[in-house]
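# Close look at the chain arrangement
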Amino acid sequence: MTTSVPKAELHCHIEGATPPALALSQAARYGIDTSAFIRDGAYAWQDFTSFVQSYDATANLFRTEQDYALLAETYLTEIAQAGAVYSELIVSPDQGDAVGIGADAYIAGLAEGAERAKAKTGIETRFIIVGIRHFGPERVVKAAEYAARRPHPLITGFNLAGEERMHRVADFVRAFDIARDAGLGITIHAGELSGAFSVRDALDHVRPSRISHGVRAIEDADLVRRLADEGVVLEVCPGSNVALGVFPDFESHPLRALHAAGVRVTLNADDPPFFHTSLAREYELAATAMGFSDADIRGMTRTAIEAAFVDEPTRQRLLAAL
Ligand SMILES: Nc1ncnc2[nH]cnc12
Ligand SMILES: [Zn+2]
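Quick caveat, the model's predicted, so the values are computed rather than measured. (Residues numbered from 1 in each chain as written. Chains lettered and ligands numbered in written order. Predicted model: local features only at pLDDT ≥ 70, side-chain atom pairs only at ≥ 80, totals over all residues. Heavy atoms only, no water.)

### Points about the coordination of the zinc ion (ligand 2)
Each protein donor to the zinc ion (ligand 2) is listed here as His-11 (NE2), His-13 (NE2), His-189 (NE2) and Asp-270 (OD); together their distances run 2.0 to 2.3 Å. Given four donor atoms and angles of 82 to 168° at the metal, the environment of the zinc ion (ligand 2) is assigned as irregular. Mapped onto the sequence, the donors of the zinc ion (ligand 2) take the spacing H-x1-H-x175-H-x80-D. Residue His-11 is found in strand 1 (residues 7-13), and its partner Asp-270 is found in the loop between strand 10 (264-267) and helix 12 (279-287); the two are separated by 259 residues along the sequence. (Donors = N, O, S within 2.8 Å, 3.2 Å for Na, K, Ca; no water. Tetrahedral: all angles 85-135°; square planar, octahedral: opposite > 155°, others 65-115°. Helix = DSSP H or I, 4+ residues; strand = E, 2+ residues; numbered from the N terminus.)

Now the structure itself:
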């Protein structure tokens, strides 16, 4: 059992972590019909495109600073109670704009929720600003410029998510340069919906210290060696990959092969209730369906903290607590 194993995550989209019960109570508050995206108490979608539609509909149920505080507090308290000591939340300033409160109020609400969860449980949180790939390079530059202004101390990194099959990584170099020059940690979704070429593009064009997913690097042995040699950390989300059909099941998921090849890997839940998972379940599946030892799994938590976008005193405190 991995119940008592300390856990750390580097990859969770905050709106994608909304428990369906919270989505339903928010919908009741605002009088919104959820039948298109919640059925029998679970999120409904069929493929990546309809997943994004359900995700966006859920995100639009949070409309005030206090709504975002409630979302962050609810999620972080839940994972802390399951053993998480550290969480990096992927947050989207575009979402604050979409619901009309603006990015600063959106971040302030999430930060208030993170502070409340920390006061109750001790969990440490940082925010990764994300640009949305299918919104196009110019909008992603805007997200990077927002992050580069360092509008809140909890914002420590920059990511690119969304439809990986649209545009090429090279189209986003300017956004990543802006984020890197501002001292933010760099990670990027690659090698999830697209193959090994996308991971290679990410390494060549944006020089990330981590890659969100990256698992389809397994299609290219030279690339796997490069990831291991360069010490690039993969934010692996097995439950998400199986739910989206990237791999048919946990037995054929490449996490074991990547780990065996010396690639630095971590366990993450991506958008937990959308993919019928949780951070605790990802840890449990690593021990059961994927056959990792207790020491391997504890090593993944250590890798996550080593690769976290935090200041050194916080990293040393978290490592000491393991
Ligand atoms: N799994 C995923 N891949 C790309 N973009 C996302 N946004 C939310 N979840 C995502
Ligand atoms: Zn993701």
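### Regarding the site of ligand 1
Every residue close to ligand 1 is listed here: His-13, Phe-48, Phe-51, Ala-161, Gly-162, His-189, Glu-192, His-213, Asp-270 and Asp-271. Take Glu-192: an N or O atom from its side chain is 2.7 Å from a nitrogen atom of ligand 1. Asp-271 places a polar side-chain atom, nitrogen or oxygen, 2.7 Å from a nitrogen atom of ligand 1. Starting from 260 Å² of accessible surface for ligand 1 in isolation, the protein chains cover 94%. Tallied by class, residues from the shell around ligand 1 come to three nonpolar, four polar and three charged. (Near = heavy atom within 4 Å. Polar contact = N/O pair within 3.5 Å; in protein donor to acceptor, adjacent residues only side chain to side chain. Areas by Shrake-Rupley, 256 points an atom, 1.4 Å probe, with all protein chains shown as cover. Nonpolar A, V, L, I, M, F, W, Y, C, P; charged D, E, K, R; others polar.)

### Thoughts on the environment of Ala-117
The topology assignment puts Ala-117 in helix 5 (residues 103-121). Remark: the alpha-carbon pair of Ala-117 and Phe-309, spanning 192 residues in sequence, is separated by 19 Å.

### As for the side chain of Ser-212
Looking at the secondary structure, you find Ser-212 in strand 8 (residues 210-213). Setting aside residues up to four positions removed in sequence, Ser-212 forms contacts with His-11, Asn-159, Thr-187, Ile-188, His-189, Ala-190 and Glu-235. (Contact = heavy atoms within 4.5 Å.)

### Observations regarding the pairing of strand 6 (residues 155-161)
Side-chain direction in a regular strand flips from residue to residue, so the side chains alternate between the two faces of the sheet. Where burial is concerned, most of strand 6 is hidden: seven out of the seven residues are buried. Relative to strand 6, strand 5 (residues 124-132) runs parallel, the two being bridged by six bridges. Note that in strand 6 the partner of Gly-131 across the bridge is Leu-160. Taking the sense of rotation as the criterion, the β-α-β connection linking strand 5, helix 6 (residues 137-148) and strand 6 turns out right-handed. Bridge count between strand 6 and strand 7 (residues 185-190): two bridges; the pairing is parallel. Residue Phe-158 lies in a different strand from strand 7, and its bridge partner there is Ile-186. Note that the unit made of strand 6, helix 7 (residues 173-181) and strand 7 has a crossover that is right-handed. (Buried < 20%, exposed > 50% of the residue type's maximum accessible area, 1.4 Å probe, protein only. Pairing = 2+ DSSP bridges. Right-handed = clockwise from strand over helix to strand, strands pointing away.)

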